[in-house]
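# Structural characterization, general
What follows is each chain in one-letter form.
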Amino acid sequence: MAILVTGGTGYIGSHTVIRLLEKEQEIVIIDNLFNSKLSVIESIEKITQKKVNFYCGDVCNRQMIRDIFMRHNIKSVVHFAGLKAVGESVEKPLIYYHNNIMSTLSLLAVMDEYHCKRLVFSSSATVYQDAKTVLPEQIGTGIIEGKAISEDFPLNATNPYGMTKLMIEQVLRDIYMSDNQWDIVILRYFNPIGAHESGLIGEDPNGIPNNLMPYILEVAKKKRPYLNIFGNDYPTKDGTGVRDYIHVMDLADGHVKALEHMESRCGLKTYNLGTGKGYSVLELVNTFKKVSGVDIPYRITGRRLGDIASCYANPSKAEKELRWKANYSLEDMCRSAWKWATVKNLSFNGDEENV
């Protein structure tokens, strides 16, 4: 019995695969390598000393998914595959709607054909309405009662990427309503950063980074002269956007817990995966400078389309029902990301060694 991981060579997918292999699970990965690298498989196998079944292909290709199900006894699926840059989704909405939704529909259709009805779906906090209830004086305090975002918070994505996640969530609810033999866990996670403790894998996007930490690493490695910070006039403590940064290995553990939760039939469940603390962009930059000893020059620019002011989680439901809790600190996240960058001598533009 195997677990199919779509997008398994990507940032979150690869770290989750490591955790699953450590649990002695058989893993099958499908990934088109659009935003990842084939050498990630080698790194995963080096870390775990275990073999991974890898297929290079697009999840939109229904026949390829069907072939994988024919070759492997798939018992459950963790679905990461999809385009995921907020800003790019605003610029290229048609590409995002087609890729993210069609790939999921293809996957679900084949799962249904083969009576595989256990799915963990990689959703996002971008499905939530702008978190206007978060107060500036509570940023970074960890105070979550009544203020942080819980799973029943109003939904209203502000960008096409978030809207694709919201639409897929509705598809999953409709599927479950039509057939309650499905076990589906929707994980809405917040802002993953950091890397595996080995330094052998981390966030390594192809081309220009869309996320904050890879950009910080490029500046730290002198690949870029400064960091662009999009907006300093938000209603937050220092004017920069506030997010719930979560270590990628905490996030990976959440997926393992979700799969374990389905072993005893869970129906359809939705959980936030976050730390319950909000930190601003400037707080993240200053923490990185502290743990690395490297200065990060930055420039304030205009707000980015689709961004919101504050977004951090109330993770109490996951803690209660999944018995999961984030354990890594912001310093841990920054320290592991810096180790990843220095151990592998990274260049995200491909002129040095890449993973």
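As the structure is a prediction and not an experimental result, all values here were calculated from the model.

A separate point is the sheet that holds strand E12 (residues 279-280). The strands making up a sheet associate through backbone hydrogen bonding, with each pair oriented either parallel or antiparallel. Reading across the sheet, the three strands line up as E12-E9-E14 and stay open at both edges, with mixed pairing between neighbours. Whereas interior strands pair on both sides, the edge strands pair on one side only; in this sheet they are E12 and strand E14 (310-311). Direction of pairing for strand E9 (residues 242-243) relative to E12: antiparallel, over a ladder of two bridges. In the strand pairing of E12, Val242 is matched with Ser280.

Turning our eyes to something else, we now look at the pattern of salt bridges. Within the structure shown, the criterion is met by 21 salt bridges. The closest approach of N and O atoms between Glu283 and Lys237, which form a salt bridge, is 2.9 Å. You can see Glu283 sitting in helix H9 (residues 281-292) and its partner Lys237 sitting in the loop between strand E8 (227-230) and E9, a full 46 residues away along the chain. Classification of Glu283 by relative accessible area gives buried; the value is 18%.

Glancing now at the confidence of the model for the protein. Across the protein, the average pLDDT comes to 90, with 92% of residues at 70 or higher. Within the model, the stretch residues 132-146 combines pLDDT values under 50 with 28 contacts to residues more than four positions away or in other chains.

This brings us to the sheet that holds strand E2 (residues 26-31). Strand order across the open sheet formed by seven strands is E3-E2-E1-E4-E5-E6-E11, with parallel pairing between neighbours. Across the chains shown, the open sheet's two edge strands, defined by having one partner strand only, are strand E3 (53-56) and strand E11 (268-273). Each strand of the sheet is rotated relative to its neighbour by a mean of 15°, with strand direction disregarded. Inspection of the sheet shows strand E5 (residues 118-124) paired to strand E6 (residues 183-189) by seven bridges, in the parallel sense. Of the residues in E6, the one forming a bridge with Ser123 is Arg188. In the packing of helix H1 (residues 11-22) onto the sheet, the strands contacted are strand E1 (2-6), E2 and E6, and the crossing angle to E2 comes to about 165°.

About the thresholds
- Residues numbered from 1 in each chain as written.
- Predicted model: local features only at pLDDT ≥ 70, side-chain atom pairs only at ≥ 80, totals over all residues.
- Heavy atoms only, no water.
- Pairing = 2+ DSSP bridges.
- Helix = DSSP H or I, 4+ residues; strand = E, 2+ residues; numbered from the N terminus.
- Salt bridge = Lys/Arg side-chain N within 4 Å of Asp/Glu carboxyl O.
- Buried < 20%, exposed > 50% of the residue type's maximum accessible area, 1.4 Å probe, protein only.
- pLDDT = per-residue confidence, 0-100.
- Contact = heavy atoms within 4.5 Å.
- Axes fitted to C-alpha atoms, helices over the stretch in contact; angles between N-to-C directions.

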